[in-house]
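Results of the structural survey
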Amino acid sequence: MTMTFFEEINSDFSTGVAFKNVNLKKKVISYFANTGNATIAELSKELNVSVPKITSLLNDLIQDGLVQDHGKVDSTGGRKPNVYGLAPESAFFLGIDVKTSHINIGLTDFQKNLISDFESYPYKLANDKESLDELCHIINNFISELPIPKEKILGIGINLSGRINYAKGYNYNLFDFHDAPLSKIIEKEIGIKVFLENDSRAMAYGEFCSGVVEGEKDVLFLNLDYGIGMGMILNNQLYYGKSGYSGEFGHIPLYQNEKMCKCGKKGCLETEASGWALIEMFRESMLAGASTVITQNNIQPEDLQLEDIINAAHNDDVLAIELIAKIGDKIGRGIALLINVFNPELVVLGGSLASTEDYILLPIKSAIKRYSLSLVNNDTQLKVSKLGEKAGVIGACLLVRHRYLALEHN
């Protein structure tokens, strides 16, 4: 299979050479990607392009292997037209979602189907060269075991926490010890184009495209994990803000507690309402002699992980349930602030803490009712992520796919 369409895009960006049909081909591909299969007549009408021109473009894209003729479509009368759509195995996109203690990886085809087994690899995230090398090693091993040629993977989306400039490929919180963009450093090690994205924003996009969102245009996605992140969909568009750093929900200064946040400021929401805060509260309770199944499992306070507390809650551990409820109340107060400001149609709770379901959901709902304006929150739904751990991987894949189709890559 040739990749003429994508070669034309890359050449157009690198040399400035204008290819006559590139934009029209992009429109056809984007229509299939966003809307689904269509006939020549439907494409002609929707794209305002003549039938002969559409026919010529489709022939080129079929020859390139990017589009398939799916045969005749059902019709009420007359000659049945052929229906066309994307060839799912013509291109693939790899999604990497980097967490504190593991990495999630998955592969989607051109029709955004998750076609590989969803894999999770143990990993210790640290801001050093060894951690970056291990990340590249895990990705290369995953690619080497795939049943498809490496050259069919058009791009890799990598989600990381922190402040990321996705357009330039820099992460200003992690692995920021090279002059070159981080995306280029990883790209050199792997041999496939790399796009960086903030993890919460990618999760929001995955949920918006393939998860719990059902037509809502204004959606706030909260990533409740060790930290608290947020991805915003406003008027059907992923919102970045002026500099690309929107969504720092966890760093709203809500408290006069003199607790130092990991961002270097004091009093942030994360200091009292995050996975890190939950671990600190739990350790203090364990050291004070509180009863918990975690102690029975011989886990020491200094070795405590967020997953241990979540597992304890699922096993009806009273201490875990009580402390998660306290965290939920404080998160709910922060969400009330967001609802008062944005008046969104939907707030989605994702991340590892959302997996505790009612243990965190009920206190969040209660706090929202207490602290937000009823006229504002009446029209806001609150849901738990449908994709769970897969949200980041799917979002990463779909963002890379979107950027190719929108000609956004650099």
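Above this text is the structure in question.
Residues numbered from 1 in each chain as written. Predicted model: local features only at pLDDT ≥ 70, side-chain atom pairs only at ≥ 80, totals over all residues. Heavy atoms only, no water.

Considerations on the packing of aromatic side chains
Keep this limit in mind: The criterion for an aromatic pair is that two Phe, Tyr or Trp rings (for Trp, the six-membered ring) have centres within 6.5 Å, with stacked assigned to planes under 30 degrees apart, edge-to-face to planes over 60 apart and tilted to the rest. In DSSP terms, a helix is any run of H or I states spanning at least four residues, a strand is any run of E spanning at least two, and both are numbered starting from the N terminus. Working definition: with a 1.4 Å probe on protein chains only, accessible area under 20% of the residue-type maximum means buried, over 50% means exposed, and in between means partly exposed.
One pass over the full model with this rule turns up 9 aromatic pairs. Each ring, one from Phe-93 and one from Phe-110, has its centre 6.1 Å from the other, and the planes form 45°; the classification is tilted. Of this pair, Phe-93 sits in strand 4 (residues 92–98) while Phe-110 sits in the loop between strand 5 (102–109) and strand 6 (119–122), and the two are 17 residues apart along the sequence. Judged by its relative accessible area of 0%, Phe-93 falls in the buried class. A ring pair is formed by Tyr-226 and Trp-276, whose centres lie 4.7 Å apart and whose planes are at 55°; its orientation type is tilted. Of this pair, Tyr-226 sits in the loop between strand 11 (219–224) and strand 12 (228–234) while Trp-276 sits in helix 9 (residues 275–287), placing them 50 residues apart in sequence. Relative accessible area serves as the criterion here: at 4%, Tyr-226 is assigned to the buried category. Using a relative accessible area of 35% as the deciding quantity, one classes Trp-276 as partly exposed. Three or more aromatic residues joined by ring pairs form one cluster here, namely Phe-93, Phe-110, Phe-195 and Tyr-404.

Observations regarding unusual backbone geometry
At Asn-236, a position not held by glycine, the phi torsion is positive, near 70°. With relative accessibility at 35%, the residue Asn-236 sits in the partly exposed group.

Some points on the sheet that holds strand 13 (residues 237–238)
For clarity, the cut-off: Note on pairing: two strands pair once DSSP finds at least 2 bridges between them.
Strand order in this open sheet of 5 strands is 13-12-11-14-15, and the pairing throughout is mixed. Each of the sheet's edge strands pairs with one partner strand only, and the pair in question is strand 13 and strand 15 (381–384). Relative to strand 13, strand 12 is paired through 2 bridges, and the arrangement is antiparallel. When the sheet's bridge partners are listed, Ile-233 is paired in strand 13 with Leu-238.

Describing the side chain of Asn-198
We count it as follows: Pairs of N or O atoms within 3.5 Å make up the polar contacts considered here, provided that, within protein, one atom can donate a hydrogen while the other can accept it, and that residues adjacent in sequence are counted only when both atoms are side-chain atoms.
With respect to the helices and strands, the residue Asn-198 is situated in strand 10 (residues 194–198). Within the local environment of Asn-198, its side chain forms a polar contact with the backbone nitrogen of Ser-200, the two atoms lying 3.0 Å apart. Within polar-contact distance, the side chain of Asn-198 engages the backbone nitrogen of Arg-201 at 3.1 Å.

Re the pattern of salt bridges
The criterion, for reference: In the sections that follow, a salt bridge refers to a side-chain nitrogen of Lys or Arg positioned within 4 Å of a carboxyl oxygen of Asp or Glu.
Under the definition given, this model contains 9 salt bridges. Put simply, Lys-25 and Asp-60 hold a salt bridge, and the shortest N to O gap is 4.0 Å. A residue pair is termed long-range when its members are at least 10 positions apart, and Lys-25 in helix 2 (residues 22–35) and Asp-60 in helix 4 (residues 51–64) qualify at 35 residues. A relative accessible area of 26% places Asp-60 in the partly exposed class. In this structure, Lys-266 and Glu-258 form a salt bridge, with 3.1 Å as the shortest nitrogen-oxygen distance. Overall, Lys-266 belongs to the partly exposed group, its relative accessible area being 44%. What emerges from the salt-bridge pattern is a single network uniting Glu-197, Arg-201 and Arg-403.

Focus: helix 12 (residues 318–342)
The condition is simple: The length a helix should cover is 1.5 Å for every residue beyond the first.
Given a rise of 1.5 Å per residue, 25 residues ought to cover 36 Å, and the 35 Å separating the end C-alpha atoms of helix 12 matches this to within 8%. By the N-cap criterion, in which a side-chain oxygen at the helix start approaches the backbone nitrogen of a residue two or three places on, helix 12 is capped by Asp-317, the distance to Leu-319 being 3.4 Å.

Remarks on a nonpolar patch on the surface
Let me state the cut-off plainly: Patch membership needs two things, relative accessible area over 30% and no salt bridge, and members are linked within 9 Å if like-charged or within 5 Å if nonpolar (Val, Leu, Ile, Met, Phe, Trp, Tyr). The method behind every accessible area is Shrake-Rupley, applied with a 1.4 Å probe, and residues are considered shielded solely by the protein chains displayed.
A contiguous nonpolar patch, built from Leu-337, Val-341 and Phe-342 and spanning about 250 Å² of accessible area, is present on the exposed surface. Checked against the element boundaries, Leu-337 lands in helix 12. Given a relative accessible area of 32%, Leu-337 falls into the partly exposed group.

Quick word on the side chain of Glu-207
To keep things clear, this is the line we draw: Asp and Glu count as negative and Lys and Arg as positive, but His and the ends of the chain are not part of the count. The contact criterion used throughout is that any non-hydrogen atoms of two residues lie within 4.5 Å.
By the element assignment, Glu-207 lies in helix 7 (residues 199–210). Buried and unpaired, Glu-207 has no salt bridge, with Lys-386 as the nearest side chain of opposite charge at 7.2 Å. A polar contact of 2.8 Å, which involves the side chain of Glu-207, links it to the backbone nitrogen of Lys-386. With sequence-adjacent residues up to four places away left out, Glu-207 is seen in contact with Val-212, Val-213, Phe-221, Val-348, Ser-385, Lys-386, Leu-387 and Ala-391.

Side note on the sheet that holds strand 1 (residues 38–39)
Read across the sheet, 3 strands follow the order 1-3-2 without closing on themselves; strand pairing throughout is antiparallel. Each having just a single partner strand, strand 1 and strand 2 (67–72) make up the two edges of the open sheet. As defined by bridge partners, strand 2 adjoins strand 3 (residues 82–86) across 4 bridges and the pair is classed as antiparallel. Directly across from Gln-68, in strand 3, lies its bridge partner Gly-85.

Remarks on the environment of Asn-165
Within the secondary structure, Asn-165 sits in strand 8 (residues 164–165). On the accessibility criterion, Asn-165 (14% relative accessible area) is buried. It is 26 Å that separates the C-alpha atoms of Asn-165 and Ile-143, two residues lying 22 residues apart in sequence. Contacts of Asn-165, omitting those with residues within four sequence positions, involve Tyr-170, Tyr-172 and Tyr-245. Within polar-contact distance, the side chain of Asn-165 engages the backbone nitrogen of Lys-168 at 3.0 Å.

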